[in-house]
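Structural characterization, general
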Amino acid sequence: AMDAAVIAVVPEFGADAAIAAALAATNRGNWQRFLAVARQAQSPLSEAVPPEALDAARTVVRRGIDLDRIYEGYRRGQQVGLERWLACTYEIVEPGPELIGVTELSLSLAFRFIDQTLGRVLAEAQREREEVIGGALAEPQEIIMQPVPK
């Protein structure tokens, strides 16, 4: 469901099987990482980002897809993921103060996790973009100076 929702917003991510697989791996890796974070909710967030997310960012750059599309995809994935997470929460936790606390903690963790992960992913994409552009611009070019005829 998350993959399809992201592709609906960013069709480029479903353009071919390879990039769609990268999206699926990224979503899976991000969820696994988020679940690890949620299990240790009182600990500071780890700086770790799933390698699949960084690989997908590099793929997006190499495909010439605008970096804003990564942002759009992450925000749509965040929305779908939070809706599902909260639906599960409401099934497990009885209404009352505990549900309020679990909801507040869940939202705080999710927003911090996505903001941090997205920041790292965009930084990697920008680094890759500069490397790709820099490589293209670094090709030696000779300027031939000829005297101007008088």
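Coordinates for the structure precede this section.
Everything in this summary refers to the structure shown in the same document. These figures come from a predicted structure and were not determined experimentally. (Residues numbered from 1 in each chain as written. Predicted model: local features only at pLDDT ≥ 70, side-chain atom pairs only at ≥ 80, totals over all residues. Heavy atoms only, no water.)

Considering the overall build of the protein chain
Defined as follows: The helix and strand labels rest on DSSP assignments: H or I over at least four residues marks a helix, E over at least two residues marks a strand, and numbering proceeds from the N terminus. Throughout this description, buried means an accessible area under 20% of the type-specific maximum (1.4 Å probe, protein chains only), exposed means over 50%, and partly exposed covers the range between. In what follows, residue pairs with any heavy atoms lying within 4.5 Å of each other are defined as contacts. Exposure was quantified through the Shrake-Rupley algorithm and a 1.4 Å probe, taking into account, for residues, occlusion by the shown protein chains and nothing else.
Looking only at helices and strands, the protein chain has five helices and zero strands in total. Counted from the first residue to the last, the protein chain has its helices and strands arranged as α-α-α-α-α. Expressed as a percentage of the 150 residues in the protein chain, the buried residues total 37%. In the protein chain, once contacts between residues fewer than 6 apart in sequence are set aside, the share between residues at least 24 apart is 75%. Carbon and sulfur atoms make up 58% of the accessible area of the protein chain, which amounts to about 9,500 Å² in all.

Some words on empty space enclosed by the protein
Cut-off, in case you're wondering: Using protein atoms alone on a 1 Å grid, points that fit a 1.4 Å probe yet trap it form a cavity, whereas open point sets bounded by protein on both sides within 12 Å along at least five of seven lines form a pocket; residues with an atom within 4 Å of a point count as lining. Grid points are joined across faces, edges and corners, and a volume is the space filled by probe spheres set on the points.
Considering all chains together, one arrives at one cavity of 30 Å³ or more under this definition. Put simply, the largest cavity is a space of about 390 Å³. Around the largest cavity sit 27 residues that line it, and Met2, Thr26, Asn27, Asn30 and Tyr74 are the ones nearest its centre. Within the residue set of the lining of the largest cavity, elements represented by two or more residues are α1 (2-9), α2 (17-39), α3 (51-62), α4 (68-92) and α5 (97-137).

Details of the pattern of salt bridges
We apply this condition: Should a side-chain nitrogen of Lys or Arg be within 4 Å of a carboxyl oxygen of Asp or Glu, the pair is scored as a salt bridge.
All told, the structure shown has 10 salt bridges when counted by the stated rule. Ionic pairing is found between arginine 63 and aspartate 16, a salt bridge with its closest N-O pair at 2.5 Å. Of the two residues, arginine 63 sits in the loop between α3 and α4 while aspartate 16 sits in the loop between α1 and α2, which places them 47 residues apart along the sequence. Exposure remark for arginine 63: the relative accessible area of 41% places this residue in the partly exposed category. Looking at aspartate 16, the relative accessible area reads 30%, which means it is partly exposed. Here glutamate 128 makes a salt bridge to arginine 62, at a shortest N to O gap of 3.2 Å. In this pair, glutamate 128 sits in helix α5 while arginine 62 sits in helix α3, placing the two residues 66 residues apart along the sequence. Arginine 62 gets classed as exposed once you look at its relative accessible area, which sits at 53%. Residues participating in the shared-partner salt-bridge network are Asp55, Arg58, Arg62, Glu124, Arg127, Glu128 and Glu131.

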